[in-house]
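Take a look at the letters that make up each chain.
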Amino acid sequence: MYQIIDGKKIAQEIKEELRETAAELKARGKTFVLAVIQVGNDPASTVYVNNKKKACAYVGIESLSYELPQEATEEELLKLVRQLNEDSGVDGILVQLPLPEQIDEDKVLLAISPEKDVDGFHPENVGNLSIGRPGFVSCTPAGVIQLLKRSGIEIEGKECVVLGRSNIVGKPMAMLLLRENGTVTVCHSKTRHLKEITKRADILVVAVGKPRFVDASYVKEGAVVIDVGIHRNAENKLCGDVDFDSVAPHASAITPVPGGVGPMTVAMLMSNCVKKSLQ
Ligand code: NAP
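What counts, and at which threshold
Residues numbered from 1 in each chain as written. Predicted model: local features only at pLDDT ≥ 70, side-chain atom pairs only at ≥ 80, totals over all residues. Heavy atoms only, no water. Pairing = 2+ DSSP bridges. Helix = DSSP H or I, 4+ residues; strand = E, 2+ residues; numbered from the N terminus. Contact = heavy atoms within 4.5 Å. Axes fitted to C-alpha atoms, helices over the stretch in contact; angles between N-to-C directions. Core = buried A, V, L, I, M, F, W, Y, C linked by side-chain atoms within 4.5 Å. Buried < 20%, exposed > 50% of the residue type's maximum accessible area, 1.4 Å probe, protein only. Near = heavy atom within 4 Å. Polar contact = N/O pair within 3.5 Å; in protein donor to acceptor, adjacent residues only side chain to side chain. Nonpolar A, V, L, I, M, F, W, Y, C, P; charged D, E, K, R; others polar. Right-handed = clockwise from strand over helix to strand, strands pointing away.

The next point concerns the sheet that holds strand E6 (residues 183–187). If you walk across this open sheet you meet the 6 strands as E1-E11-E8-E7-E5-E6, and the pairing is parallel. Edge positions in the sheet fall to strand E1 (3–4) and E6, since each has one partner strand and no second. Of the pairings in the sheet, the one linking E1 to strand E11 (residues 251–254) comprises 2 bridges and is parallel in character. Note that in E11 the partner of Gln3 across the bridge is Ala253. In this fold helix H7 (residues 170–179) packs onto strand E5 (159–163), E6 and strand E7 (203–206), with an angle of close to 170° to the strand it touches most, E5.

What follows covers the nonpolar core. Of all hydrophobic cores here, the largest spans 51 residues; its most connected members are Leu34, Ile61, Leu148 and Leu177. It is helix H10 (residues 262–278) that provides the largest number of residues to this core, a total of 8 residues. Not counting the four nearest positions on each side in its chain, Ile61 is found in contact with Phe32, Leu34, Cys56, Met270, Cys273 and Val274. Counting 20 residues, the second largest nonpolar core, distinct from the first, contains Val39, Leu78, Ile93 and Ile103.

The environment of the ligand is formed by 23 residues, the closest being Arg165, Ser166, Ser189, Lys210 and Thr265. Take Val208: an N or O atom from its main chain is 3.4 Å from an oxygen atom of the ligand. Here Val228 contributes a backbone N or O atom positioned 3.4 Å from an oxygen atom of the ligand. Partitioning the shell around the ligand into residue classes produces 10 nonpolar, 10 polar and 3 charged.

To continue, consider the pairing of E5. Extensive coverage of E5 is indicated by the burial of 4 of its 5 residues. Across 5 bridges, E5 lies against E6 in parallel orientation. Bridging across to E6, Glu159 finds its partner in Thr183. Between the parallel elements E5 and E6, the chain passes through H7 in a crossover that is right-handed. Two strands pair when backbone bridges link them, and E5 and E7 are joined in this way by 4 bridges, in the parallel orientation. Paired with Val162 across the bridge in E7 is Val205.

Those residues of H7 lying buried are Gly170, Pro172, Met173, Ala174, Leu176 and Leu177. Next to the buried residues of H7 lie helix H5 (123–130), helix H6 (139–150), E5, E6 and E7. At the exit of H7 stands Asn181, carrying a positive phi of roughly 70°.

The structure is reproduced here in structure tokens:
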């Protein structure tokens, strides 16, 4: 029988802990102010932004909203980011992705002060992660580590395979598993004999961005399977990058979609904010 890793429950536990810490910090006069920028009104982005603001309110982090129209220029957004970088009343800056096509995402992420980069996307924070220095860590992969740890799954010495090498999930995921002393292999679209590699995994993290891509034929008997993917199918129902029904009977533990990795991203964003105010 496989264990279902309950991301909703673990994310709630983390938010409770952070709420307590934030209250203690507040009593000592330390607060955290997060500026949340949304450009345009993409419905999915609005849902994510609202979830983040709700989590802030719950944990005890002040959030400030900045909304720019869909047709906003890159310069307008960069100007706002620079202004918030300079504002000593703002501790963290989050720009909700994706941005409209007239805006260069990399340019914007690079403009955020590394000190306020709560998403951990700035090259300085990415570099800190890769050489083991403290800094903001990308929230989704950090959430995966917490899911494993809080489910009693040991990473040290395990064969860990990450399917996907994006800058926001796959690469930082590999770095974090390495930091936890896993033996890490990263696969991507040019990987040969993919199934042979994924079948070696004791811990398989799937961030391939393709609905139900991974079925039982990719998974070793008894593996832990973490599904980072989020998609809406034709019936508007959420599904992941893993075909849950096919894989679960062969796994020792698996994350569902929804209710697995998804809720952890916001919890780890809150964690990044609270940890920063502890410094
Ligand atoms: P992405 O930027 O599209 O990256 C996908 C990765 O998968 C790339 O490295 C790509 O390889 C690789 N890939 C694509 N097709 C492949 C194939 N046939 N065989 C092997 N590798 C293949 O996606 P992402 O931003 O990392 O996101 C991955 C998934 O996680 C998406 O479903 C996304 O919606 C979800 N997500 C969820 C959260 C959350 O909070 N739960 C957060 C972020 C993302 P190449 O590099 O060679 O192109």
